[in-house]
Amino acid sequence: VTTVQAGEPVLACDDDTWYRGKVTQVMADDMVQVELVDLASTVILSKTQLRKASSDVMKEEVVAVSCCLDTWVEEDRKVAVEKWGDKMAGMVEEFSEVQVEVVGRVEAGQYRIKFPELEKKMNAGRLKSRAEMLKEKLRKK
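Everything quoted here is computed from the prediction, not taken from an experiment.

Calculation notes
- Residues numbered from 1 in each chain as written.
- Predicted model: local features only at pLDDT ≥ 70, side-chain atom pairs only at ≥ 80, totals over all residues.
- Heavy atoms only, no water.
- Pairing = 2+ DSSP bridges.
- Helix = DSSP H or I, 4+ residues; strand = E, 2+ residues; numbered from the N terminus.
- Axes fitted to C-alpha atoms, helices over the stretch in contact; angles between N-to-C directions.
- pLDDT = per-residue confidence, 0-100.
- Salt bridge = Lys/Arg side-chain N within 4 Å of Asp/Glu carboxyl O.
- Buried < 20%, exposed > 50% of the residue type's maximum accessible area, 1.4 Å probe, protein only.
- Contact = heavy atoms within 4.5 Å.
- Phe/Tyr/Trp six-rings, centres within 6.5 Å; stacked < 30°, edge-to-face > 60°.
- Lys NZ or Arg CZ within 6 Å of the ring centre and 35° of its normal.
- Core = buried A, V, L, I, M, F, W, Y, C linked by side-chain atoms within 4.5 Å.

**Focus on the sheet that holds strand β2 (residues 17-26)**
Spatially, 5 strands are ordered β4-β3-β2-β1-β5 in an open sheet, and the strand pairing comes out antiparallel. Only two strands of the sheet have a single neighbouring strand rather than two, namely β4 (41-46) and β5 (50-52). Neighbour-to-neighbour, the strand axes of this sheet turn through a mean angle of 45°, independent of strand direction. Looking at chain direction, strand β1 (residues 9-14) and β2 are connected through 6 bridges and run antiparallel. Each residue of the ladder has a partner; that of Asp-14, found in β2, is Thr-17.

Next up, the structure:
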């Protein structure tokens, strides 16, 4: 791929695996931000890691959807990813199948969910989100 536009469907190679994607941002130095639609995640890749895809590729059902824990909705997304990203990925990988309760939607179509098993694990490890710590601090006043 030599030229690409935001919104364009692509096949994206990340970690030697090809995924369906949609370009979300064209950046400097031949880099692009791509939403990997079946993983509900976004990556930054070189244009050399992309292949053109027809719009038919995107007609198949999406395998994953983007979710946010209900207790984290008020947190800054970037801060939450920096603070919890690696820890959360490790905890979620332990589950081959999960049951969540969808309790609403937030911006950009992301679902608000409750994930009881994960929340129990977080509480057992005394891991608290910034929002939870702030709520506790305010209750003490």
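Following the structure, the description resumes.
**Some points on the confidence of the model for the protein chain**
When pLDDT is averaged across the protein chain, the result is 80; 77% of the residues are at 70 or more. Here helix α3 (residues 130-140) stands out as the element of the protein chain with the lowest mean pLDDT, 64, in contrast to β5, whose mean of 95 is the highest.

**Some words on the pairing of β4**
Relative to β4, strand β3 (residues 31-36) is paired through 6 bridges, and the arrangement is antiparallel. Following the sheet pairing, Val-32 is matched in β4 by Leu-45. The hairpin formed by β3 and β4 contains 4 residues between the paired strands, and Ala-40 there has a positive phi angle of roughly 55°.

**Some details on the pattern of salt bridges**
One pass over the structure, following the stated rule, counts 6 salt bridges. Between Lys-52 and Glu-8 there is a salt bridge, with the nearest N and O atoms lying 2.6 Å from each other. Residue Lys-52 is found in strand β5, and its partner Glu-8 is found in the segment before β1; the two are separated by 44 residues along the sequence. Linking Lys-59 and Asp-56 is a salt bridge whose minimum nitrogen-to-oxygen distance equals 3.1 Å. Owing to a relative accessible area of 64%, Lys-59 belongs among the exposed residues under this scheme. On the basis of relative accessible area, Asp-56 is assigned to the partly exposed category, the value being 48%.

**Describing the side chain of Ser-46**
Along the chain, the position of Ser-46 falls in strand β4. Owing to a relative accessible area of 18%, Ser-46 belongs among the buried residues under this scheme. Other than its neighbours up to four places away in sequence, Ser-46 contacts Asp-30 and Met-31.

**Digging into the packing of aromatic side chains**
Applying the stated rule across the entire model yields 0 aromatic pairs. The residue whose ring lies beneath Arg-105 is Tyr-111, and the NZ or CZ to ring-centre distance is 4.5 Å.

**Focus on the nonpolar core**
In terms of nonpolar packing, the biggest core is built from 10 residues, these being Val-4, Val-10, Ala-12, Val-23, Val-32, Val-34, Leu-36, Val-43, Leu-45 and Leu-50. Those elements giving two or more residues to this core turn out to be β1, β3 and β4. Counting residues per element, this core draws most heavily on β3, at 3 residues. Apart from residues no more than four positions distant in its own chain, Val-32 is found in contact with Val-4, Gln-25, Val-26, Met-27, Val-43, Ile-44, Leu-45, Lys-47 and Leu-50.

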